[in-house]
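Descriptive analysis of the structure
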Amino acid sequence: MAVWIQAQQLQGEALRQMQALYGQHFPIEVRHYLSQWIESQAWDSVDLDNPQENVKATQLLEGLIQELQKKADHQVGEDGFLLKIKLGHYATQLQNTYDRCPMELVRCIRHILYHEQRLVREANNSPSPAGTLVDAMSQKHLQINQTFEELRLITQDSENELKKLQQTQEYFIIQYQENMRLQAQFSQLSQLGPQERLSRETTLQQKKASLEAWLHREAQTLQQYRLDLAEKHQKTLQLLRKQQTTILDDELIQWKRRQQLAGNGGPPEGTLDVLQTWCEKLAEIIWQNRQQIRRAEHLCQQLPIPGPVEEMLSELNGTITDVISALVTSTFIIEKQPPQVLKTQTKFAATVRLLVGGKLNVHMNPPQVKATIISEQQAKALLKNESTRNESSGEILNNCCVMEYHQATGTLSAHFRNMSLKRIKRSDRRGAESVTEEKFTILFESQFSVGGNELVFQVKTLSLPVVVIVHGSQDNNATATVLWDNAFAEPGRVPFAVPDKVQWPQLCDALNMKFKAEVQSSRGLTKENLVFLAQKLFNSSSSHLEDYSSTTVSWSQFNRENLPGRNYTFWQWFDGVMEVLKKHLKPHWNDGDSEIGGITIAWKFDSSERMFWNLMPFTTRDFSIRSLADRLGDLSYLIYVFPDRPKDEVFSKYYTPVLCESTPAKAVDGYVKPQIKQVVPEFVSVSGDSAAGGATYMDQAPSPAVCSQPHYNMYPQNPEAVLDPEGDFDLDDTMDVARHVEELLRRPIDSQWIPHAQS
């Protein structure tokens, strides 16, 4: 069912929220009459941060105007006359509004559709007959909304009491002035005769005594009103601070944590719309109470009455100013983080947002935001309020941006689209720390005022830690630093402290999250995979995952110390495996055919030399020459995949199509394109397999692949024979063979190799 049809069935608060989405920026009538067309357009396909997408947005605007005009032209008769005029007016209005900024139309309609879908979804899944409860809303979120309703009622009650106080005080002042007039009349009695003076004096004394008694009682009443109102504001402030703590210290911090984990491949942090709604409600209620307190102070100044109220109001004013200051500074956040591995001389982007900017009318005088890169030490000093003014650790180009207000969505944000780190100034490193372990951060800062310059705020926020590199070869180690920080950083830490050791299960969670994101697969690491990783990292033979549950892993073990007998770290090896899987083995992994831990082929065959045979591990460069499936297909004596699945059943769908033997290769420009086939000479000599045609490296029989291949050796009984002086396999040396074969294949085939060559 169309969203608009369901939206029209909303009731109560949900209906009010839906109606509030519309206005002059986008009339609800346009949504109604063009509902089908609007819902059929690909609004989400437009990248709002890409200026080149302006063409798409313009096309959508033009399409909307055309549909409106078409709908207007189809209106006939007396009933359609007014609608025709109205729709034509809307077409002109929207054209004038969005002609120069079509992206804003896209942003506006996306915002409307998102909230309509949310409201409809909440209504459909709500157990409430009115359909206004949030779908699957947590108890905490429900409590937040209930507290806001309580605050709204309390604030409205305080407003009513303040008005009552003001009216009572105004009447008191009038009566006080009457008492002063009576006092003046007493001074004029001396001008009257004795008898008349006595008569008037008695009457005036009675009036004056009665009025003074009333003024005394009313002064006490006024003081009690003031005291009651001040105490009510104290209770409101307590509830406000509790609500603000829940939203800023719990909900917003959780969103930031999700944002941090998303940097490791976790699920997206989610929209800020709900948080902004809460923060705007907070800002509105805080501001209303602040204005009430200031009006109460003014009333006290207008009519001073001795008592504790003046001091209470002064304290309340200071407290509520602190509360709104905390709200403003905490809601200046980074919506889109800069890249955490930051390469110099490379363009990057970031987005900063003020969640309460629209509600406090900050956009009336749009503030400018400045970005600066600072070191970890400078970040620590900043949080300690130590002076770091004008200090930076590098130079960022295009580092200033004015915040823009988007009326349709009510967001105030600054989009840094073309920043570039021109240079970086590194600090002295500690011990074994490398440049890829040094952390920086992007400091975003701004200044603006609210309430007509009544309050001025200086706001600052720090990005997630970034590691600066100058060459792509540093990316691997820099990513390790970022992964460790994102995974194990604790809320409220001193920048950018992380534990040096973590439990192995914690690292498993982080690696699994990163693995699924990098390989782009929903299939994560299995229990067997994790056991293999533990064996690799701890150089252990235990095959039980539980044996590693209490084992700790240090940062040095993760990416500073080489694995035993290797010249690379655990992370470098793991990252290399992800690279191979991502580029060459993703379908096999998703099918469950591959396991992590280096890609090799092993089989059992009893011979006088050995029982188990292992091919030398393949790298991503190897698989760019010939795929895993084709390599397995080449080895005809391998029939089953462990434990008992036929090889062709698992891998045949990935074989490169082969030429039939009855269809000879056609010569092109005098050349015949050969086909390369993987053979294992040592095994052929042992097994006596004649299919390989002897111990040759190039078999002329049809083969799944058509590209050249390197020479793949076997692991010999003495492994040192194929290792370099450091005891590691030298990939470059083995690739020389592949390059030599490729060079041979590029040469014309000599006539002596061609049967029936023409003279």
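Small disclaimer: the values here were computed from a predicted structure and weren't measured. (Residues numbered from 1 in each chain as written. Predicted model: local features only at pLDDT ≥ 70, side-chain atom pairs only at ≥ 80, totals over all residues. Heavy atoms only, no water.)

1. Section: the overall build of the protein chain
- When helices and strands are counted, the protein chain shows 22 helices and 19 strands.
- Across the 759 residues in the protein chain, those meeting the buried criterion constitute 43%.
- Accessible area of the protein chain: about 40400 Å², with a carbon and sulfur share of 49%. (Helix = DSSP H or I, 4+ residues; strand = E, 2+ residues; numbered from the N terminus. Buried < 20%, exposed > 50% of the residue type's maximum accessible area, 1.4 Å probe, protein only. Areas by Shrake-Rupley, 256 points an atom, 1.4 Å probe, with all protein chains shown as cover.)

2. Re the sheet that holds strand 4 (residues 368-375)
- As summarised here, the arrangement of the four strands in space is 6-4-9-10, forming an open sheet in which the pairing is antiparallel. Looking at strand neighbours, the two that pair on one side only are strand 6 (400-402) and strand 10 (455-462), the edges of this open sheet. With direction set aside, neighbouring strand axes in the sheet form an average angle of 25°.
- Looking at chain direction, strand 4 and strand 6 are connected through three bridges and run antiparallel. In the strand pairing of strand 6, Gln-368 is matched with Val-402.
- Packed on one face of the sheet, helix 11 (residues 309-330) meets strand 9 (440-450) and strand 10 and runs near 40° to strand 10. (Pairing = 2+ DSSP bridges. Axes fitted to C-alpha atoms, helices over the stretch in contact; angles between N-to-C directions. Contact = heavy atoms within 4.5 Å.)

3. Observations regarding the pairing of strand 3 (residues 347-354)
- Burial of strand 3 is extensive: six of the eight residues sit out of reach of the surface.
- Where strand 1 (residues 332-336) and strand 3 come together, four bridges link them in antiparallel fashion. Within strand 3, the position partnered with Phe-332 by the bridge is Leu-354.
- For strand 3 and strand 8 (residues 411-424), the ladder comprises seven bridges, and the chain directions are antiparallel. Its bridge partner being in strand 8, Leu-354 is matched across the sheet by Leu-412.

4. Quick word on the packing of aromatic side chains
- Within the structure shown, the criterion is met by 20 aromatic pairs.
- Between Phe-448 and Phe-457, the aromatic rings sit 6.3 Å apart at their centres with planes inclined by 50°, giving tilted as the arrangement. In terms of burial, Phe-448 and Phe-457 fall into one category: buried.
- Between Trp-504 and Phe-538, the aromatic rings sit 5.5 Å apart at their centres with planes inclined by 75°, giving edge-to-face as the arrangement. (Phe/Tyr/Trp six-rings, centres within 6.5 Å; stacked < 30°, edge-to-face > 60°.)

5. Regarding the packing of helix 5 (residues 54-73) against helix 7 (residues 102-124)
- Close contact between helix 5 and helix 7 brings their axes to 8 Å; oriented N to C, the two are set at 70°. Looking at the two axes, helix 5 sits roughly perpendicular to helix 7. Contacts between helix 5 and helix 7 involve Asn-54, Ala-57, Thr-58, Leu-60, Leu-61 and Leu-64 on the former and, on the latter, Pro-102, Met-103, Leu-105 and Val-106. (Parallel < 35°, antiparallel > 145°, perpendicular 65-115°, else oblique.)

6. What about the packing of helix 13 (residues 475-488) against helix 14 (residues 504-519)?
- It is the contact of helix 13 with helix 14, at a shortest axis distance of 10 Å, that shows an interaxial angle of 120°. By the angle between their directions, the pair helix 13 and helix 14 is classed as oblique. Helix-helix and strand crossings are classified by hand; for helix 13 and helix 14 the assignment is right-handed. Together, Thr-479, Leu-483, Trp-484, Ala-487 and Phe-488 of helix 13 and Gln-506, Leu-507, Ala-510 and Lys-514 of helix 14 make up the contact between the two elements. (Left-handed = near helix turned anticlockwise from the far one by under 90°.)

7. Observations concerning the pairing of strand 4
- When you tally the buried positions in strand 4, you get six out of eight residues, the bulk of the element.
- Bridge analysis of strand 4 against strand 9 gives six bridges, and the strand direction is antiparallel. Bridge pairing links Ser-375 to Phe-440 in strand 9.

8. Some words on the pattern of salt bridges
- This model, assessed by the stated rule, comprises 31 salt bridges.
- Between Arg-426 and Glu-438 there is a salt bridge, and its shortest N-O distance comes to 3.4 Å. Of the two residues, Arg-426 is situated in the loop between strand 8 and strand 9 and Glu-438 in the loop between strand 8 and strand 9; the sequence distance between them amounts to twelve residues.
- For Arg-426, a relative accessible area of 25% puts it in the partly exposed group.
- Ionic pairing is found between Glu-579 and Lys-582, a salt bridge with its closest N-O pair at 3.8 Å. Here Glu-579 pairs with Lys-582, and both are found in helix 17 (residues 570-591), just three residues apart, close to one helical turn.
- Classification of Glu-579 by relative accessible area gives partly exposed; the value is 26%. (Salt bridge = Lys/Arg side-chain N within 4 Å of Asp/Glu carboxyl O.)

9. A short note on the confidence of the model for the protein chain
- Per-residue pLDDT for the protein chain averages 82, and the proportion of residues at 70 or more is 81%.
- Counted against residues more than four places away or in other chains, residues 127-137, with its pLDDT under 50, gives 19 contacts.
- In this model, residues 690-759 is a region of pLDDT below 50 whose contacts with residues beyond four sequence positions or in other chains number 121 contacts. (pLDDT = per-residue confidence, 0-100.)

10. Description of the nonpolar core
- Within the largest apolar cluster, 81 residues are counted, with the highest numbers of intra-cluster contacts made by Ile-247, Phe-416 and Phe-444.
- With 14 residues, the single largest contributor to this core is helix 9 (residues 194-262).
- In this structure Phe-444 touches Phe-332, Ile-334, Ala-350, Val-352, Val-369, Lys-370, Ala-371, Phe-416, Met-419, Val-459, Lys-460 and Thr-461, once residues within four positions along its chain are discounted.
- Within the second largest apolar cluster, 45 residues are counted, among which are Phe-488, Leu-507, Val-519 and Ala-534. (Core = buried A, V, L, I, M, F, W, Y, C linked by side-chain atoms within 4.5 Å.)

11. Considering helix 13
- A rise of 1.5 Å per residue sets the reference length of helix 13, with its 14 residues, at 20 Å; its end C-alpha atoms lie 20 Å apart and thus fit the reference within 8%.
- Judged by how many residues are buried, helix 13 sits mostly within the fold: twelve of 14 residues are covered.
- Within helix 13 the residues assigned to the buried category are Asn-476, Ala-478, Thr-479, Ala-480, Thr-481, Val-482, Leu-483, Trp-484, Asp-485, Asn-486, Ala-487 and Phe-488. (Expected span 1.5 Å × (residues − 1).)

12. Some remarks on the environment of Val-494
- By the secondary structure assignment, Val-494 is in the loop between helix 13 and strand 12 (501-503).
- When its relative accessible area of 48% is taken as the criterion, Val-494 is described as partly exposed.
- Considering only alpha carbons, one finds Val-494 and Leu-383, 111 residues apart in sequence, at a separation of 8.3 Å.

13. Looking at a nonpolar patch on the surface
- Taken together, the side chains of Phe-81, Leu-82 and Ile-85 make up a nonpolar region of the molecular surface, amounting to roughly 340 Å² of accessible area.
- Among the secondary structure elements, Ile-85 is positioned in helix 6 (residues 77-98).
- Note on Ile-85: relative accessible area 46%, which makes it partly exposed. (Patch = residues over 30% accessible without salt bridge, like charges linked within 9 Å, V, L, I, M, F, W, Y side chains within 5 Å.)

14. Concerning the environment of Trp-255
- Note that Trp-255 resides in helix 9.
- Looking at Trp-255, the relative accessible area reads 1%, which means it is buried.
- The contacts of Trp-255, once residues within four sequence positions are left out, are Glu-269, Gly-270, Thr-271, Leu-272, Leu-275, Ile-333, Ile-334 and Glu-335.

15. Concerning the environment of Glu-159
- With respect to the helices, strands and loops of the structure, Glu-159 is situated in helix 8 (residues 139-188).
- Residue classification places Glu-159 among the buried positions, given a relative accessible area of 17%.
- The spacing of Glu-159 and Asn-289 is 130 residues in sequence and 8.6 Å in space, taken between C-alpha atoms.
- Residues in contact with Glu-159, not counting those within four places in the same chain, are Gln-292 and Arg-295.
- In terms of polar contacts, Glu-159 uses its side chain to reach the side chain of Arg-295, at 3.2 Å. (Polar contact = N/O pair within 3.5 Å; in protein donor to acceptor, adjacent residues only side chain to side chain.)

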